[in-house]
Amino acid sequence: QVQLVESGGGLVQAGGSLRLSCAASGLTFSAYAMGWFRQAPGKEREFVAIITRSAGGTGYAESVKGRFTISRDNAKNMVYLQMNSLKPEDTAVYYCAARRGSPVITAYDYAYWGQGTQVTVSS
């Protein structure tokens, strides 16, 4: 069965960096677009970043553009989110998600989700 497992979350000071990882299994990884989404308490799950199947294209929410970088390694079935210049408003549970074919920015279009990893940015 399909499984996505995030790791790398934690507590970091404002201005710091974290790298999130997502390990995928049970699917032909290269056939799936991948996305990162986040959800803060009392807020809707929101789009963070997307990447195409062969890493030929990426997209970012305006709030993270220039600070976050999504990447993938199809040989390792891994997707990453490098987060730099973190702000307290980045605090949320971060989820990776998989969608067969092309990426979109709407969470409901993704069929598979990880369990999430907590990112807390302190001031």
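The notes below deal with the structure included here. (Residues numbered from 1 in each chain as written. Predicted model: local features only at pLDDT ≥ 70, side-chain atom pairs only at ≥ 80, totals over all residues. Heavy atoms only, no water.)

### Digging into the pattern of salt bridges
According to the stated counting rule, one finds four salt bridges in the structure shown. Between Asp90 and Arg38 there is a salt bridge, with the nearest N and O atoms lying 2.9 Å from each other. Of this pair, Asp90 sits in the loop between strand S8 (78-83) and strand S9 (92-100) while Arg38 is found in strand S4 (residues 32-39), placing the two residues 52 residues apart along the sequence. The pair Asp90 / Arg38 is uniform in exposure class, with both members buried. (Salt bridge = Lys/Arg side-chain N within 4 Å of Asp/Glu carboxyl O. Helix = DSSP H or I, 4+ residues; strand = E, 2+ residues; numbered from the N terminus. Buried < 20%, exposed > 50% of the residue type's maximum accessible area, 1.4 Å probe, protein only.)

### Quick notes on the state of the cysteines
Within this structure, the stated rule accounts for one disulfide. Covalent S-S linkage joins Cys22 and Cys96, the inter-sulfur distance amounting to 1.9 Å. Judged by the sign of its S-S torsion, about 45°, the cystine formed by Cys22 and Cys96 is right-handed. One end of the pair, Cys22, is in strand S3 (residues 18-25); the other, Cys96, is in strand S9, with 74 residues separating them in the sequence. (Disulfide = S-S within 2.5 Å.)

### Focus on the pairing of strand S7 (residues 68-73)
Burial along S7 is one-sided: the residues Phe68, Ile70 and Arg72 are buried and none of Thr69, Ser71 and Asp73 is. Here S7 runs beside S8; their pairing, made up of six bridges, is antiparallel. Within S8, the residue paired with Phe68 across the bridge is Met83. A loop of four residues connects S7 with S8, the two strands running antiparallel in sequence, and Asn77 in this loop sits at a positive phi of about 55°. (Pairing = 2+ DSSP bridges.)

### Notes on the side chain of Asp90
A residue is classified by how much of its surface remains accessible, and Asp90, at 1% relative accessible area, is buried. The residues contacting Asp90, other than those within four sequence positions of it, are Arg38, Arg67, Phe68, Ser85, Val119 and Val121. (Contact = heavy atoms within 4.5 Å.)

### Focus on the pairing of S4
Burial analysis of S4 places seven of its eight residues in the buried class, which makes it a mostly covered element. In this structure, S4 lies alongside S9, joined through eight bridges in antiparallel fashion. Bridge pairing in S9 links Met34 to Ala98. As paired strands, S4 and strand S5 (residues 46-51) are joined by five bridges and run antiparallel to one another. If you follow Trp36 over to S5, its bridge partner there is Ala49. Here S4 folds back onto S5, and the loop between the two strands holds six residues, one of which, Gly42, carries a positive phi near 75°.

### A look at the sheet that holds strand S1 (residues 3-7)
Paired through their backbone hydrogen bonds, the strands of a sheet run either parallel or antiparallel. Pairing is antiparallel across the open sheet formed by four strands, whose spatial order is S1-S3-S8-S7. If you trace the sheet from one side to the other, it starts and ends with S1 and S7, each paired once. Averaged over all pairs of adjacent strands, the angle between their axes in this sheet comes to 15°, without regard to strand direction. (Axes fitted to C-alpha atoms, helices over the stretch in contact; angles between N-to-C directions.)

### Describing the side chain of Gln82
By the secondary structure assignment, Gln82 is in strand S8. Of note is the side chain of Gln82, whose polar atom sits 2.8 Å from the side chain of Arg19. There is a polar contact of 3.0 Å between the side chain of Gln82 and the side chain of Asn84. (Polar contact = N/O pair within 3.5 Å; in protein donor to acceptor, adjacent residues only side chain to side chain.)

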